[in-house]
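Examination of the molecular architecture
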Amino acid sequence: GPAAPKEPGAAPGPSQCPTPSGPPGEGDFQFVLCEGCQQESPNLKLLTCLHTLCLDCLRENKPVRQCPVCQAPIPQPDGIPDVDNVLFSSLQARLRIYRRISRGALSCSRCRQDTAAVWCSECEEFLCPGCFEDHQWFFKKRSHEARKVEELRAESAHRFLEGTKKSCNLFCSSPGHTEQGHVTSIFCRKCEKPLCCSCALLDAQHSSFYCDIRTEIQRRQDELAVLGQELARRRGSFEASHAALQNEVERLEAEGHRVRELVRQRVEQLVRLIRREEEELLELVEKRQERGRRELEGELWRVEAVLRRMEAGERLVEKMGLYATEQEVMDMQPFVKDALEELRRQRPAADVELVLHEDF
């Protein structure tokens, strides 16, 4: 029978399909959907606030150059970010493979006739027993591994995605070498590019900046983990500030009500000649309350927006740690790092206290 793979690969899928509502356990992966339309999309963009939106939502977004989730600015003039969320796109493709497996019988990708019994993660194909034997003979000198479809069908979506997270070859960044398949094991920290052995030898001036590509990947993963932990700690202060602002809004409403009642009780004891004074006092209270409400609502909105960005950052760092391939870490880490550094510089709201005088 086929051997169980150690590191199955990601599988491609159709360009677009409806919101996932498939096998049990898949509901936990709603985070891979566009945060605007809540649909799968092959064109997911990662904003500087770390929210993820599809191209359709970004093109229809009003106002342009502003995140529709938290209103953070989008620096690109056309409102379309440059960075793709390659992690979420990859997870969508792998979830589509999982749905196909969970639905039932699958036909062989090769002969198109017999029922598939095996999935090769390297070829990303379903194979019947006969075609699998040919596959094993053809790739006998390679490390193609496969798993039985029935074993995959018994797994949860979490287990399947964890199993399809694998190491992959990273190619030299020199022009032409990627197309020629020059695999790299060296990373230049000065150029911030992966290099093959030939390019590294030719550029001896940067030799002191060379390191093993796996070491650089691990460093970036560790850096993201530390930033994620610090973000979680910082989030506590923002949550406390958020709660304090909400309490202050409620206190302001209660205080305003109390003052209005006091004014009415005192004015009612006066004769009709001082009704004008009653109106002036009520107007003064309303103005003070409105001014305080505007100030508190503005600060509350700011803290809520930062909290939403922090939640997005925590979620992205967590999912990158769980599911991102090394290539996805290399592609996304610098951008995510900058966004997380910006969140670290945010400060929670200062204590707010509004006093309405009882004596008029």
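Here goes a summary of the coordinates provided. (Residues numbered from 1 in each chain as written. Predicted model: local features only at pLDDT ≥ 70, side-chain atom pairs only at ≥ 80, totals over all residues. Heavy atoms only, no water.)

The next point concerns the sheet that holds strand E7 (residues 193-195). Strands sit in the order E7-E6-E8 across an open sheet of three strands; the sheet is antiparallel. The open sheet has two edge strands, E7 and strand E8 (210-212), and neither has a second partner. Across the sheet, the axes of successive neighbouring strands diverge by a mean angle of 40 degrees, strand direction being ignored. Note that strand E6 (residues 186-188) and E8 share three bridges and pair antiparallel. By the bridge assignment for E8, Ile186 is matched with Asp212. Contacting E6, E7 and E8, helix H8 (residues 213-268) crosses the sheet at an angle of about 80 degrees to E8. (Pairing = 2+ DSSP bridges. Helix = DSSP H or I, 4+ residues; strand = E, 2+ residues; numbered from the N terminus. Axes fitted to C-alpha atoms, helices over the stretch in contact; angles between N-to-C directions. Contact = heavy atoms within 4.5 Å.)

Attention shifts here to the nonpolar core. Leu87, Leu316, Met320, Val336 and Leu340 are the most contacted members of the largest nonpolar core, which has 62 residues in total. Top element by residues in this core is helix H9 (residues 275-323). It accounts for twelve residues. Apart from the residues within four sequence positions on either side, Leu340 is in contact with Leu50, Leu224, Leu227, Leu231, Gly313 and Val317. Ranked by size, the runner-up nonpolar core spans eight residues in total, among them Val118, Cys128, Cys131 and Ala146. (Core = buried A, V, L, I, M, F, W, Y, C linked by side-chain atoms within 4.5 Å. Buried < 20%, exposed > 50% of the residue type's maximum accessible area, 1.4 Å probe, protein only.)

What follows deals with unusual backbone geometry. Peptide bonds are trans in most cases, and residues, glycine excluded, mostly fall at negative phi. Cis geometry marks the peptide bond from Lys62 to Pro63, where omega comes out at 0 degrees. Along the chain, Pro63 turns up in the loop between helix H1 (55-60) and helix H2 (86-103). Of note in the backbone geometry, Arg65 takes a positive phi value of approximately 65 degrees without being a glycine. Along the chain, Arg65 turns up in the loop between H1 and H2. With a phi angle near 65 degrees, Arg112 is a residue other than glycine that sits in the positive phi range. Mapped onto the fold, Arg112 is located in the loop between H2 and strand E3 (118-120).

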